[in-house]
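Inside the fold
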Amino acid sequence: MRIPLLDLKAQYLTIKEEINQAIMNVLDSSVYILGPQMKALEKEIAAFCGTEEAVAVANGTDALVLTLKAFGIGPGDEVITTPFTFFASAETIAMVGATPVFVDIDPVTLNMDLDLLEKKITSRTKAIIPVHIFGQMLDVERVMEIAARHDLKVIEDSAQAIGAEYRGKKAGSLGHAATFSFFPTKNLGAYGDAGMIVTNDKHLAAELRMLRFHGCQVKYYHDKVGYNSRLDELQAAILRVKLGYLNQWNEGRRAKAAVYDKELAHLPLTLPGKDPAGIPIYHLYVLRSDRREELMEAFKQADIACAIYYPVPLHLQKAFHDLGYKEGSFPITEKACQQALAIPCYPELSRAEQEEIIRLIEGVYRG
Ligand SMILES: *Cc1c(COP(=O)(O)O)cnc(C)c1O
């Protein structure tokens, strides 16, 4: 691809010396697991998000599984989430033995439609997992009000939204807990798998620290049955370097997004819809168009990357066949899956490259 969807090589080259040094320091220390880098990263992520606690784990999926477990959610329970997200948001609910329950999305922001949320709550509902899709936060305070009326836990799946804000509050700081993924392509990406849970609940944090390490507080003394899910020192050291650039990188994405917003506004396609109370981080810049096939063909001819997020809504995934949903269950989500197309939007994208992408899209509509 001449222009990729995200250029991790270009990003690495801008911070190469610092990253290499951080890796060498870990190798020299020969501490690889549950060490000082991980502990420092936990403190720095908590400070960044404005929470009391942060617990590092092996990836964003484990972050969700362990949080659900720590809240005691399991068989017989229902957890509400959106069908327009990465599979893990709902997979993890099923993984702990509970039942995912979906709510359709808002046609503007593509986040869970909070007007439809309360109707889905039953006597079995235990938690809500709102997802800040593509890096745009939804109104978590409103979710918390609804949750309080029914005594439910709220876990913000913030995998795509680290650094995003809503009424001045950071993603992850408003729910009972929030999960992050540091998968390489996320806005804050490791060079492997990594994840984090943030919370203001000290009891929950202590529980999560036990669960990630075989139920231990003291090595070889197992208070409960836990799991092995740790963020290693190499990834922690890399993430600590990259965290120092995150605000600048998120700002860089917003600048590119603003150019698309302005220069594509005259075309008959749907640009990413904004919630005026939020500041998004554009994990992805996702257009919606009835002419997606033509657009994709034009991108392919020009050797420029683009990608469908998400081709199949979660309620129609084979793995969830038994939940009994069918086509038409969530029309807004299904329409989004038919129209959505992510185009390159990253800080290192040059002005000339972005100009070329804009002309390409204009060409499809003119032709
Ligand atoms: C990436 C992602 C996850 C999973 O994170 P991993 O680190 O890949 O396990 C969960 N939810 C959402 C919304 C994601 O985008």
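A quick note: this is a predicted structure, and the numbers were derived from the prediction, not measured.

Reading guide: rules and limits
Residues numbered from 1 in each chain as written. Predicted model: local features only at pLDDT ≥ 70, side-chain atom pairs only at ≥ 80, totals over all residues. Heavy atoms only, no water. Helix = DSSP H or I, 4+ residues; strand = E, 2+ residues; numbered from the N terminus. Domains from an automatic or database assignment. Contact = heavy atoms within 4.5 Å. Buried area = accessible area lost by both parts, 1.4 Å probe. Core = buried A, V, L, I, M, F, W, Y, C linked by side-chain atoms within 4.5 Å. Buried < 20%, exposed > 50% of the residue type's maximum accessible area, 1.4 Å probe, protein only. Axes fitted to C-alpha atoms, helices over the stretch in contact; angles between N-to-C directions. Left-handed = near helix turned anticlockwise from the far one by under 90°. Nonpolar A, V, L, I, M, F, W, Y, C, P; charged D, E, K, R; others polar. Near = heavy atom within 4 Å. Polar contact = N/O pair within 3.5 Å; in protein donor to acceptor, adjacent residues only side chain to side chain. Areas by Shrake-Rupley, 256 points an atom, 1.4 Å probe, with all protein chains shown as cover. Salt bridge = Lys/Arg side-chain N within 4 Å of Asp/Glu carboxyl O.

Notes on unusual backbone geometry
Going from Tyr 309 to Tyr 310, the amide bond is cis rather than trans, its omega being -5°. As for its placement among the helices and strands, Tyr 310 is situated in the loop between helix H10 (292-301) and helix H11 (331-339). Positive phi values are uncommon outside glycine, yet Tyr 282 reaches one of about 45°. By the secondary structure assignment, Tyr 282 is in the loop between strand E12 (278-279) and strand E13 (285-288).

Side note on the domain arrangement of the protein chain
How large an interface is tends to be reported as the accessible area lost when its parts come together. When cut into domains, the protein chain gives domain 1 (8-103 + 111-243) and domain 2 (247-366). On a C-alpha basis, the centres of domain 1 and domain 2 stand 25 Å from each other. Listed as interface residues are 35 residues of domain 1 and, on the opposing side, 31 residues of domain 2. When domain 1 packs against domain 2, close to 2,800 Å² is buried across both sides, 64% of that on carbon and sulfur atoms. Summed over the three residues of domain 1 that lose the most area to domain 2, namely Phe 84, Phe 134 and Asn 187, the buried surface amounts to 25% of that side.

Here's the deal with the nonpolar core
Formed by 28 residues in total, the largest nonpolar core has its most connected members in Tyr 260, Leu 264, Tyr 285, Ile 343, Ile 357 and Ile 361. Of all the secondary structure elements, the ones that give two or more residues to this core are helix H9 (246-263), E13, H10, strand E14 (340-343) and helix H12 (351-366). Filtering out sequence-adjacent residues up to four positions away, Tyr 285 remains in contact with Ala 257, Tyr 260, Asp 261, Leu 271, Pro 272, Leu 341, Ala 342, Ile 343 and Cys 345. Counting residues in each nonpolar core, the second largest holds 23 residues, with Ala 63, Leu 68, Val 96 and Ile 155 among its members.

A closer look at the packing of helix H2 (residues 36-49) against helix H8 (residues 233-243)
Contact geometry for H2 and H8: axes closest at 8 Å, N-to-C directions at 35°. For the element pair H2 and H8, the recorded crossing hand is left-handed. Of the residues in H8, those touching H2 at Pro 36, Gln 37, Met 38, Ala 40, Leu 41, Glu 44, Ile 45 and Phe 48 are Glu 233, Ala 236, Ala 237, Leu 239, Arg 240 and Leu 243. Looking at the contact of H2 with H8 residue by residue, the classes come out as ten nonpolar, one polar and three charged.

Structural notes on the site of the ligand
Among the 13 residues in the neighbourhood of the ligand, the closest are listed as Gly 60, Thr 61, Asp 157, Ser 181 and Lys 186. Gly 60 places a polar main-chain atom, nitrogen or oxygen, 2.8 Å from an oxygen atom of the ligand. The separation between a nitrogen atom of the ligand and a polar side-chain atom of Asp 157 is 2.8 Å. In the complex, 92% of the free accessible area of the ligand, which totals 380 Å², lies under the protein chains. For the shell around the ligand, the secondary structure elements donating two or more residues are helix H3 (60-70) and helix H4 (88-95). Taken together, the residues of the shell around the ligand sort by class into four nonpolar, seven polar and two charged.

Structural notes on the pattern of salt bridges
A side chain of one charge can pair with a side chain of the opposite charge when the charged atoms of the two come close. Per the counting criterion, the structure on display carries 21 salt bridges. The shortest N-O distance in the salt bridge between Lys 202 and Glu 52 comes to 3.8 Å. Taken together, the residues span a long stretch of sequence, with Lys 202 in helix H7 (residues 202-211) and Glu 52 in the loop between H2 and strand E1 (53-57) at a distance of 150 residues. Of the two residues, Lys 202 and Glu 52, both sit in the exposed class.

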